[in-house]
Amino acid sequence: MLQLTLKIDRHRRPTAVRIFPTSNSLRFILPDPAPRLNESVWPTGDGLLPRVTAATDDTGVALSLPWPYALPHEVKERAYGFDIIVRKLFVRSASRSLAPGVVLVEEETGLPEGRQRTIVVRASAGSARLELLNRRGPALEATSALARRHRPLVAVNGGYFSPRDGFALGLVQAGDRILSGPFHARTALHLSQEQPSLARAGVHPWILLPGGESAEVDQVNVLPAAADGLSLFREPWPARSGSRGDDQSLELAMSPDGVVLGMGPRDLGLPPGGWLLHARGARAVWLADRVRRGNKIQLHDPTTEFWGRSGDALGGGPELVQDGQVRIGTDERFRSDITRGRHARTAVGLSRDGGLILLVTAQDRPGDLGMSLEETARALLRHGAWQGVNMDGGTSSTFWTAGSVLVGQRPDRPVANALGLYASGHREEVQDPRDGLGAEP
């Protein structure tokens, strides 16, 4: 609470105080006869508002409290003048229906150091479904652009990506096809038509050589290739692998049916409809001893063989909620700029009965604090989450509905993919599963 005291000469005391609240200030007018204030500057001891100054104008004395967001307030009349009380600690909430079973909740919580502003969409079981919104080609697209094309009721940004080259960083699965492989078995959102679920993604295709030997692929569409590892590159990866090999590297350019068309140490061109294998260290030596140009290599990548899940999936992390309890996935090997401190956050929650929760907490207006991972987890729990996962955040965090961005940068930041919520009976447009594709987060 912030309290300001106005001491006024009782002979010039006004009969009322008029208050004009705006989105970023409170303006108090003490009408004529203009009072004579004993002090015109008040130190407040507050970091957001260190001092307040009063000035006399044609209407009387005007006292403005510049604040980055609206605050609850009251004015109490005293024998010596007035006390203006501004309350920094508050909770405000408003909700509205978007579709049958789908509710949008706007929350605002005042803290001593600022506010937390969050938008949540709750969809009851069976009232809506969640789908992956993929871009067309390698170029990043804003969440709002993806939403306008795919026509969901609500869209939020999706998984991690490299802003430098646009590559997805983490699992992106369209149908039974892996567009981008997972990192460190991080938590992924599996978008089953029956009921979405969370799982630690471990999806690794494998190859079968002409002599009958096999090897598991370590990474799919991920740079840099793992040391002593075997990486697979294929569409929607760009025209060349972009790998930076060395004397212990071997790269194979493969036709669509697995015939070795070319061999080299690095950065080969991706054959149309084909794929590339990049091996390093011991794997490169092993492969060089067994494969020649013109040989045929079989590629096997049934996703159900590894984690039992077909359909769309999107990697995120870390995990936030497990079995109705806060459970931060500390073993998912994220950088500290993601795991520590408050930031804009995007998260997905699943209720125990199959409902969906989309949450975006803002940091796009003055005074916005964002949330820590634990605060985000607790917000999901308040809205009924039984499971929950963090997605990409910071300047990527975007909430879109009804043709406009409610939370996020203006214009919103281009991203690698997004998540769309479709309510039952809501108009939609069929998406192309071929749409879509690094420094690691």
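Basis of the calculations
Residues numbered from 1 in each chain as written. Predicted model: local features only at pLDDT ≥ 70, side-chain atom pairs only at ≥ 80, totals over all residues. Heavy atoms only, no water. Helix = DSSP H or I, 4+ residues; strand = E, 2+ residues; numbered from the N terminus. Buried < 20%, exposed > 50% of the residue type's maximum accessible area, 1.4 Å probe, protein only. Areas by Shrake-Rupley, 256 points an atom, 1.4 Å probe, with all protein chains shown as cover. Pairing = 2+ DSSP bridges. Core = buried A, V, L, I, M, F, W, Y, C linked by side-chain atoms within 4.5 Å. Contact = heavy atoms within 4.5 Å. Salt bridge = Lys/Arg side-chain N within 4 Å of Asp/Glu carboxyl O. Axes fitted to C-alpha atoms, helices over the stretch in contact; angles between N-to-C directions. Polar contact = N/O pair within 3.5 Å; in protein donor to acceptor, adjacent residues only side chain to side chain.

**As for the overall build of the chain**
Here is step 1: Across its full length, the chain carries 5 helices and 36 strands.
Here is step 2: Looking at the chain as a whole, 53% of its 441 residues qualify as buried.
Here is step 3: Only carbon and sulfur atoms are counted for the fraction: they give 50% of the accessible area of the chain, which is about 19100 Å².

**So, the pairing of strand β12 (residues 128–134)**
Here is step 1: Within β12, 6 of the 7 residues are buried, which leaves it mostly tucked inside the rest of the structure.
Here is step 2: Across 7 bridges, β12 lies against strand β36 (residues 417–423) in antiparallel orientation. Each bridged residue has a counterpart across the sheet, and for L132 the counterpart in β36 is L419.

**Some words on the nonpolar core**
Here is step 1: Of all hydrophobic cores here, the largest spans 34 residues; its most connected members are V102, L130, L189, V348, F399, L419 and L421.
Here is step 2: When residues no more than four places from it in sequence are discounted, the contact partners of L130 are L189, L191, V348, L356, L358, L419, G420 and L421.
Here is step 3: Core analysis: the next-biggest nonpolar cluster, separate from the first, contains 25 residues, A201, L209, L287 and V291 among them.

**A closer look at helix α1 (residues 143–150)**
Here is step 1: For α1, the tally of buried residues reaches 6 of 8 residues, placing the bulk of the element in the interior.
Here is step 2: Among all positions in α1, only T143, S144, L146, A147, R149 and H150 are buried.
Here is step 3: Just past α1, the residue R151 takes up positive phi, approximately 60 degrees.

**So, the pattern of salt bridges**
Here is step 1: Within the structure shown, the criterion is met by 19 salt bridges.
Here is step 2: Ionic pairing is found between E131 and R129, a salt bridge with its closest N-O pair at 2.6 Å.
Here is step 3: Note that R164 and D165 form a salt bridge whose closest N and O atoms lie 3.6 Å from each other.
Here is step 4: For R164, a relative accessible area of 70% puts it in the exposed group.
Here is step 5: Overall, the relative accessible area of 25% leaves D165 in the partly exposed class.
Here is step 6: Bridged by salt links that share partners, the residues R92, E108, R115, R117, D364, D368 and R410 form one connected network.

**Considerations on the sheet that holds strand β22 (residues 230–234)**
Here is step 1: Strand order in this open sheet of 5 strands is β21-β22-β25-β23-β24, and the pairing throughout is mixed. Each edge of the open sheet is held by one strand with a lone partner, namely β21 (219–220) and β24 (260–264).
Here is step 2: As defined by bridge partners, β21 adjoins β22 across 2 bridges and the pair is classed as parallel. Bridging across to β22, V220 finds its partner in L232.
Here is step 3: Its contacts with the sheet place helix α2 (residues 281–288) against β22, β23 (249–254) and β25 (275–280), and it is angled at close to 120 degrees to β25.

**So, the pairing of strand β32 (residues 387–390)**
Here is step 1: Both faces of β32 are covered, namely the face carrying Q387 and V389 and the face carrying G388 and N390.
Here is step 2: Sheet analysis places strand β28 (residues 319–322) next to β32, joined by 2 bridges and oriented antiparallel. When the bridges of β32 are listed, V321 appears paired with G388.
Here is step 3: As paired elements, strand β30 (residues 345–350) and β32 share 4 bridges and run antiparallel to each other. Residue pairing in the sheet places G349 in a bridge with G388 of β32.

**Concerning the sheet that holds strand β10 (residues 102–111)**
Here is step 1: The 8 strands are arranged β9-β10-β11-β31-β30-β32-β28-β29 in an open sheet whose pairing can be described as antiparallel. Among the strands making up the open sheet, the edge pair consists of β9 (90–99) and β29 (325–326).
Here is step 2: Packing against the sheet, helix α5 (residues 373–382) makes contact with β10, β11 (114–123), β28, β29, β30, β31 (356–361) and β32, and its axis sits at approximately 40 degrees to β28.

**Section: the environment of V415**
Here is step 1: Along the chain, V415 falls in strand β35 (residues 414–415).
Here is step 2: Taking the C-alpha atoms as reference, V415 lies 9.5 Å from D392; in sequence the two are 23 residues apart.
Here is step 3: Discounting chain neighbours no more than four positions away, the residues touching V415 are R135, L140, E141, A142, T143, L146, N157, F161 and S396.

**Regarding the side chain of N221**
Here is step 1: With respect to the helices and strands, N221 occurs in the loop between β21 and β22.
Here is step 2: Taking relative accessible area as the criterion, N221 reaches 2% and is therefore assigned buried.
Here is step 3: Of the polar contacts made by the side chain of N221, one reaches the backbone oxygen of L179; its length is 2.5 Å.
Here is step 4: From its side chain, N221 meets the backbone nitrogen of R234 in a polar contact 3.0 Å long.
Here is step 5: Excluding anything up to four places from it in sequence, N221 contacts A168, L179, S180, L232, F233, R234, E235, P236 and W237.

**Details of unusual backbone geometry**
Here is step 1: A cis amide bond links G317 to the next residue, P318, at an omega of -5 degrees.
Here is step 2: When you line up the elements, P318 lands in the loop between β27 (313–315) and β28.
Here is step 3: Of note, the amide linkage connecting R410 to P411 takes the cis form, showing an omega dihedral of -5 degrees.
Here is step 4: Along the chain, the position of P411 falls in the loop between β34 (404–407) and β35.
Here is step 5: One non-glycine residue, R151, adopts positive backbone phi at about 60 degrees.

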